[in-house]
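Structure at a glance
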Amino acid sequence: MSRAMEETNRRMLRARDAMDRAYAQPLDVPALARIAHVSEAHFTRTFRATFGETPHRYLQRRRVERAMFLLRETDRSVTDVCFEVGFGSPGTFSRTFRDIVGRSPRTYRKEAVSARVPTCFTMAWTRPSS
Amino acid sequence: MFNAITQSQIYVLDQDEALDFYVGKLGLEVTADVDMGFMRWLTVSVPGHPERQILLEKPGAPAMSEETAQQVRELVTKGAMGGWLIFTTDDCRKTYETLLARGVEFTEEPTDRPYGTDCGLRDPFGNRIRFTQPKS
């Protein structure tokens with residue numbers, strides 16, 4: 001049973017890594033389930049049991065985290081950032097961003113400060129919580 | 001006061017598999033491999049730098065209860081254990097290509113940062129590893 005759990009965890013982590021890596025691409029449940037080698041029906045439920053949130057929500061937070069980075073560190077327009085991180089429309093992007101971060105992309109950009117620490121660390125810790 | 005870091009530790013689920021990965025794929029070398037009966041003291045280091053070793057420790061009894069060991073194993077496989085490693089390299093992209101060809105699982109492709117170029121990978125168990133080519 002425990003070894004089975006470890007194997008399941010590893011498969012779910014592979015799918016989550018794929019979202020981390022290819023967050024800007026349209027990753028759907030069938031594609032992720034294939035990476036994890038489980039059925040589609042099984043995937044969302046198991047992912048949630050493993051990491052405490054649905055794959056969809058994880059991917060949204062991942063995209064929003066990348067958007068926060070681009071807003072903070074570059075001069076790209078909000079619309080550019082929206083498409084760059086994989087959102088299909090500026091409306092959905094702004095709504096999701098505000099829902100997760102509590103501020104609009106524009107307000108966030110005005111208030112954010114960049115920090116000189118390894119990016120992988122900032123990525124993990126500035127990723128907004130659910 | 002302190003003047004060096006000599007040994008760090010990460011948990012691996014199987015020490016033979018860990019050797020295949022850390023030595024066979026990542027190209028580290030074995031610094032110590034001692035069967036102490038109750039535990040196998042297995043450390044690896046960057047070639048030519050035995051002064052800094054990484055202990056590849058298998059969680060288990062009697063150091064911890066079977067139940068705790070199981071919790072640790074689950075955290076490792078969820079990618080939630082600490083103890084991650086960051087190496088430096090002279091050529092991030094070339095190293096990435098080499099390791100990719102060896103079947104290493106990457107979490108992030110080589111990316112330019114203010115401090116250099118780096119990328120991320122996982123060991124077979126779920127531990128996070130990165131390597132950076134610092135800006136010269």
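Being a predicted model, the structure only gives us computed values, none of them experimental.

Points about the packing of aromatic side chains
Residues and elements named next belong to chain A. Enumeration over the complete set of coordinates arrives at nine aromatic pairs over all chains. Look at Phe-43 and Phe-47: their rings are 5.8 Å apart centre to centre, the planes differ by 50°, and that puts the pair in the tilted class. Placement of the pair is Phe-43 and Phe-47 together in helix α3 (residues 40-51), with a separation of four residues, close to one helical turn. Each member of the pair, Phe-43 together with Phe-47, is buried. Look at Phe-93 and Phe-97: their rings are 5.7 Å apart centre to centre, the planes differ by 65°, and that puts the pair in the edge-to-face class. Of this pair, Phe-93 and Phe-97 are both found in helix α6 (residues 90-101), four residues apart, which corresponds to roughly one turn of the helix. Pair check on accessibility: Phe-93 and Phe-97 agree, each one buried. Through a chain of ring-to-ring contacts, the aromatic side chains of Phe-43, Phe-47, Phe-51 and Tyr-58 assemble into a single cluster. Its end group placed over the ring of Phe-69, Arg-66 keeps NZ or CZ at 4.3 Å from the ring centre.

Points about the confidence of the model for chain A
Here chain A averages 90 in pLDDT, while 95% of its residues score no lower than 70. For chain A, helix α8 (residues 119-126) of chain A is the element with the lowest average pLDDT, namely 72, and helix α5 (residues 78-84) of chain A is the one with the highest, namely 96.

A short note on helix α3 (residues 92-101) of chain B
Residues and elements named next belong to chain B. Along α3, the residues classified as buried are Cys-92, Tyr-96 and Leu-99. An end-on view of α3 places all buried positions within 75° of arc, on one side of the element. In α3, the exposed positions that point more than 90 degrees away from the buried face belong to Lys-94 and Ala-101. Each element contacted by the buried residues of α3 is listed here: α1 (15-25), β6 (105-113), β7 (116-122) and β8 (128-134). At the N-terminal boundary of α3, the capping side chain belongs to Asp-91, with an oxygen 3.4 Å from the backbone nitrogen of Arg-93. Gly-103 sits one or two positions beyond α3 and adopts a positive phi of about 85°.

Definitions and cut-offs
- Residues numbered from 1 in each chain as written.
- Chains lettered and ligands numbered in written order.
- Predicted model: local features only at pLDDT ≥ 70, side-chain atom pairs only at ≥ 80, totals over all residues.
- Heavy atoms only, no water.
- Phe/Tyr/Trp six-rings, centres within 6.5 Å; stacked < 30°, edge-to-face > 60°.
- Helix = DSSP H or I, 4+ residues; strand = E, 2+ residues; numbered from the N terminus.
- Buried < 20%, exposed > 50% of the residue type's maximum accessible area, 1.4 Å probe, protein only.
- Lys NZ or Arg CZ within 6 Å of the ring centre and 35° of its normal.
- pLDDT = per-residue confidence, 0-100.
- Arc of directions from axis to C-beta.
- Contact = heavy atoms within 4.5 Å.
- Polar contact = N/O pair within 3.5 Å; in protein donor to acceptor, adjacent residues only side chain to side chain.

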